[in-house]
Amino acid sequence: MLSKLVKDKIHHRFGQEIRYPKDCESLAQSISEVCKTRISASTLRRLYGFVKGIREPRIYTLDIVAEYLGYKGWDQLIATFQKDREITVKILERLKPEQIKKGETVELKYQPGKAIELKKIENVFVVVSTNDKRLQLNDEVKFTLLELHYPLIFSHLIRDDKSLGKVQLAMVSGVTSIRKL
């Protein structure tokens, strides 16, 4: 499912909000006319969460959405969120690492049905629960900001004392819930 930020950009470009599944027919037509590439209304219904999808959307589909919004591809669209973050941070729910005390646990949720629990230990967070296959229990992660509707970006992932570098999750839906436990 698309994040609120991406949906807002689509609504602005399309000229109206997509409130009902039938609205996806008109949006599909508009995208096809602008991009000269067909995207089905059923694909848009899945992206909007009107129909349950069982997997992440194809990058090809996301690239079409990004092109409709005036970007060269999905990666370029996502990169703009980092720049927009400084402007919109005041109106979005957010959590910085320094706002979390040692020993506290934070729960993060994103689509499709993913949840992670992170416990703060010194200056890193340890994964204490996850249903995302890209993370494992006891992985250590660092981040600069958790923000509702934005992608989840860990600047460092350490597994078994080996640095695996930067990890990006929730790239389509953005973070849908941030909660201190």
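Whatever comes next refers back to the structure up there.
Definitions and cut-offs
- Residues numbered from 1 in each chain as written.
- Predicted model: local features only at pLDDT ≥ 70, side-chain atom pairs only at ≥ 80, totals over all residues.
- Heavy atoms only, no water.
- Pairing = 2+ DSSP bridges.
- Helix = DSSP H or I, 4+ residues; strand = E, 2+ residues; numbered from the N terminus.
- Axes fitted to C-alpha atoms, helices over the stretch in contact; angles between N-to-C directions.
- Buried < 20%, exposed > 50% of the residue type's maximum accessible area, 1.4 Å probe, protein only.
- Phe/Tyr/Trp six-rings, centres within 6.5 Å; stacked < 30°, edge-to-face > 60°.
- Lys NZ or Arg CZ within 6 Å of the ring centre and 35° of its normal.

What follows deals with the sheet that holds strand β9 (residues 175–180). The strand order across the open sheet formed by seven strands is β8-β7-β5-β4-β3-β2-β9, and the pairing between neighbours is antiparallel. In this open sheet, the two edge strands, each paired with only one partner strand, are β8 (162–169) and β9. Between one strand axis and the next, the sheet turns through 30 degrees on average, direction left out of account. As paired strands, strand β2 (residues 105–110) and β9 are joined by five bridges and run antiparallel to one another. In the strand pairing of β9, valine 106 is matched with lysine 180.

A few words on helix α4 (residues 59–68). Residues Thr61, Leu62, Ile64, Val65, Ala66 and Tyr68 constitute the buried set of α4. Of the residues trailing α4, glycine 70 is marked for its positive phi of about 95 degrees.

A few words now on the pairing of strand β7 (residues 152–159). As judged from the three bridges shared by strand β5 (residues 140–142) and β7, these two strands associate in the antiparallel manner. Among the inter-strand pairings, glutamate 140 is bridged to a residue of β7, identified as isoleucine 158. Note that β7 and β8 share six bridges and pair antiparallel. Opposite leucine 157, over in β8, you have glycine 165 as the bridge partner. Counting the residues in the hairpin turn of β7 and β8 gives two residues, including aspartate 160, whose phi is positive at 50 degrees.

Taken as a whole, this structure holds three aromatic pairs when the rule is applied. Between the aromatic rings of tyrosine 48 and phenylalanine 50, the centroid separation amounts to 6.2 Å while the plane-to-plane angle is 10 degrees, which identifies the pairing as stacked. When the ring of phenylalanine 143 is compared with that of phenylalanine 154, the centres are 6.4 Å apart and the planes differ by 55 degrees; the resulting orientation is tilted. Placement of phenylalanine 143 in the loop between β5 and β6 (146–147) and of phenylalanine 154 in strand β7 is noted, with a sequence separation of 11 residues between them. Each member of the pair phenylalanine 143 and phenylalanine 154 is classed as buried. Taken together, the ring pairs connect Phe125, Phe143 and Phe154 into an aromatic cluster. Above the plane of the ring of tyrosine 68 lies arginine 13, whose end atom (NZ or CZ) is 4.9 Å from the centre.

Walk down a regular strand and you will see the side chains alternate between the two sheet faces. Two strands pair when backbone bridges link them, and β2 and strand β3 (residues 114–121) are joined in this way by six bridges, in the antiparallel orientation. The partner of tyrosine 110 across the bridge, within β3, is lysine 114. The hairpin formed by β2 and β3 contains three residues between the paired strands, and glycine 113 there has a positive phi angle of roughly 65 degrees. Examined bridge by bridge, β3 and strand β4 (residues 124–130) share six bridges and lie antiparallel to one another. Looking across to β4, one finds that lysine 120 is bridged to phenylalanine 125. Between the end of β3 and the start of β4, which pair antiparallel, lie two residues, with glutamate 122 showing a positive phi angle near 55 degrees.

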